[in-house]
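These are the residues of each chain, in order.
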Amino acid sequence: MKINTILDESDKIRAALDETSDDNDRRQREILSMIESIRKAREAISSGDDNDDEKGNTSVALESATAILEKAEEAFSFHQYNTALNLIINGLARYKSDINMMTDIIVFGAASGRSDLTEIYAAKLLSTPRKVFTKRTFVVLLEYLLSSSEVTENEKEIRSVISDFNSFFPYEEKRIAFEAELELHLGNRDGAINILKDALVLYTNAQVCAKHLAQLEIQMGDYAMALEHCRYGLACTSVEAEKDFYSDTDTTAFLLFYKLLCEDYLIHHKFIAGQALRFEAERIREEYKLLRSKYESKLEDYLGEIESRINVLQFLIADIE
C-alpha cells in the first residue's frame, strides 16, 4: 500500500480501534502511532510549503542583501509596491544597517502609503554616519526632507545633509538643485535663481538645474531666458544620465515641454507684431503632438494643457497669412 493511502486511511483505523479495547490490538495501535507520526510530519512539511507560497517573494531566505534588493527593486519596477516593501522589511530584519535597504524603504514606503515607515527610517538615516551614504541615499533623504511641511523647522538639518552631499560627491549637480529648492521653501526666490545660474557656469552638464531654472523663469514671465536655459539643458542630455538610477528621468520631458511653452509664447508675440511665420507655428504644434505621444506618462498632469495649446495654435495658424 502506498504511504499516501496509509495516511488517508488512518482516521478509519482509529475509529475501528476505538470500538475495542482488546489488548491483542496493541500491535495495531503501535502501527497507528507510527502512521500518526508520519502524518504529522507530512502536515508540518505541507504547512511549511504553504507558508512559503504565502510569503512568495517576501521570504528572507535569500542568499544575500543584494539578492533581496534585486527582487524588491524588480517588484517595484512592476508597480508591486507592497511586495517590494515587504521584501525590504523582511530584509532589514536580517540586515539591519544595510544602507541600500534603508534607502529603499523610504521610497517603497511612500509608494505604499506607509508614511510611518518612511518617517522612522528617515530618522534612522539622519543618525547614520554619512560616510556610508550612497548618492541615491542622499537624493532620497533630501527629497523626503524637502517634501515635508516642516522644512523651515528642519532647515539646519537639511543644510547639513546638503553640505555632506557636496563633501562626498562634489561633482553631483543635484546637490545644487536641492540647495535652490530649500531657498524656495524659505521664500528666497532670487537666491534660488542665483544658485541655479551659478550651477550652469560651474558644471558642463547641469541638466537638472537648467530644468528648475527654466521653470522659475517661466513663472516670472522671462520666456526668452527660459528658452535659452531649456536649450542648454537639452544639449547636455545623455543616455548615461537617463539610465542612472538616482537621476531625474523626467528632466528631458520637462525641458522639451518648457521649451515649447516658451516658443509658443514668443510666436504669439511675433503674431501681434506681424512677424509670425506659418511654418514656425505649425512646427510648434507638431512638436506638441510628438511630445504628447512620446512622454505621455511623464507629462500626465499636463496633457490637458498640451491639448489646449495645440488647439490655440491651430487657430493662430489659420490667422497667419
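Note that the coordinates shown come from a computational prediction; the quantities given were computed from them, not determined experimentally.

Let us look at helix α10 (residues 189-202). The terminal C-alpha atoms of α10 lie 20 Å apart, and with 14 residues this matches the ideal 20 Å at 1.5 Å per residue to within 8%. Looking only at α10, the buried set comprises Gly191, Ala192, Ile193, Ile195, Leu196, Ala199 and Leu200. In this structure, the buried residues of α10 make contact with α9 (174-185), α11 (207-219) and α12 (223-235).

Direction vectors running N to C along helix α3 (residues 65-77) and helix α5 (residues 99-111) enclose 20°, while the axes themselves pass 11 Å from each other. With respect to their mutual orientation, α3 and α5 come out roughly parallel. Considering only the axes of α3 and α5, their crossing is left-handed. Within the contact between the two elements, α3 uses Ala65, Ile68, Leu69, Ala72, Glu73 and Phe76 and α5 uses Asn100, Met101, Asp104, Val107, Phe108 and Ala111. For the contact of α3 with α5, the class distribution of residues is nine nonpolar, one polar and two charged.

This brings us to the environment of Phe165. Within the element layout of this structure, Phe165 appears in helix α8 (residues 155-168). With a relative accessible area of 0%, Phe165 lands in the buried category. Sequence spacing of Phe165 and Val139 is 26 residues, and the spatial spacing of their C-alpha atoms is 8.7 Å. Residues within four places of Phe165 in sequence aside, it is in contact with Lys135, Phe138, Val139, Leu142, Pro170, Glu172, Lys174, Arg175 and Phe178.

Per the stated rule, a full pass over the model turns up twelve aromatic pairs. Judged by centre distance (3.8 Å) and plane angle (15°), the ring pair of Tyr223 and Tyr265 falls under stacked. Here Tyr223 is found in helix α12, whereas its partner Tyr265 is found in helix α14 (residues 251-272), with 42 residues between them in sequence.

Time to look at the side chain of Thr137. Relative to the assigned elements, Thr137 resides in helix α7 (residues 135-146). Residues contacting Thr137, with those up to four places away along its chain left out, are Ile99, Thr103 and Leu125.

Further remarks concern the state of the cysteines. Per the counting criterion, the structure on display carries zero disulfides. Here Cys209 is not disulfide-linked; the sulfur of Cys236 is the nearest cysteine sulfur, at 9.7 Å. Counting only cysteine sulfurs, Cys230 is the nearest neighbor of Cys262, a cysteine outside any disulfide, at a range of 5.0 Å. The exposure class assigned to Cys262 is buried, which follows from its relative accessible area of 0%.

Moving on, we get to the nonpolar core. Soluble, globular proteins show a tendency: their nonpolar side chains are buried together. In terms of nonpolar packing, the biggest core is built from 36 residues, with Ile88, Ile105 and Ile158 touching the most fellow members. Of all the secondary structure elements, the ones that give two or more residues to this core are α3, α4 (81-94), α5, α6 (115-126), α7, α8 and α9. A per-element tally of this core places α7 first, with seven residues. Those residues in contact with Ile105 that lie beyond four places of it in its chain are Leu85, Ile88, Ile89, Leu92, Leu117, Thr118 and Tyr121. Ala214, Cys262, Leu299 and Ile306 belong to the second-largest nonpolar core, a separate cluster that totals 27 residues.

Right, let's talk about unusual backbone geometry for a bit. In this structure, His79 is a non-glycine residue whose phi angle is positive, near 65°. Here His79 is to be found in the loop between α3 and α4. What makes His79 exposed here is its relative accessible area of 58%.

We now examine the pattern of salt bridges. Scanning the entire structure with this criterion turns up 19 salt bridges. A salt bridge links Asp104 to Arg136, with the nearest nitrogen and oxygen atoms 2.6 Å apart. With Asp104 in helix α5 and Arg136 in helix α7, the pair connects residues that are 32 residues apart, well separated along the chain. Looking at Arg136, the relative accessible area reads 14%, which means it is buried. Residue Glu307 pairs with Arg292 through a salt bridge whose shortest N-O separation is 2.3 Å. Here the residue Glu307 occupies a position in helix α16 (residues 303-319), and Arg292 occupies one in helix α15 (residues 278-294), the gap between them amounting to 15 residues. The exposure class assigned to Glu307 is partly exposed, which follows from its relative accessible area of 32%. One salt-bridge network, held together by shared partners, links Arg231, Lys259, Glu263, Arg283 and Glu287.

Once that is clear, we can look at the confidence of the model for the protein. Summary statistics for the protein give a mean pLDDT of 83 and a share of 76% for residues scoring 70 or more. Across residues 1-10, where pLDDT falls below 50, the model places twelve contacts with residues more than four positions away in sequence or in other chains. Segment residues 239-247 is flagged for pLDDT under 50; beyond a separation of four residues in sequence, or across chains, it makes 13 contacts in the model.

Parameters at a glance
- Residues numbered from 1 in each chain as written.
- Predicted model: local features only at pLDDT ≥ 70, side-chain atom pairs only at ≥ 80, totals over all residues.
- Heavy atoms only, no water.
- Helix = DSSP H or I, 4+ residues; strand = E, 2+ residues; numbered from the N terminus.
- Expected span 1.5 Å × (residues − 1).
- Buried < 20%, exposed > 50% of the residue type's maximum accessible area, 1.4 Å probe, protein only.
- Contact = heavy atoms within 4.5 Å.
- Axes fitted to C-alpha atoms, helices over the stretch in contact; angles between N-to-C directions.
- Parallel < 35°, antiparallel > 145°, perpendicular 65-115°, else oblique.
- Left-handed = near helix turned anticlockwise from the far one by under 90°.
- Nonpolar A, V, L, I, M, F, W, Y, C, P; charged D, E, K, R; others polar.
- Phe/Tyr/Trp six-rings, centres within 6.5 Å; stacked < 30°, edge-to-face > 60°.
- Disulfide = S-S within 2.5 Å.
- Core = buried A, V, L, I, M, F, W, Y, C linked by side-chain atoms within 4.5 Å.
- Salt bridge = Lys/Arg side-chain N within 4 Å of Asp/Glu carboxyl O.
- pLDDT = per-residue confidence, 0-100.

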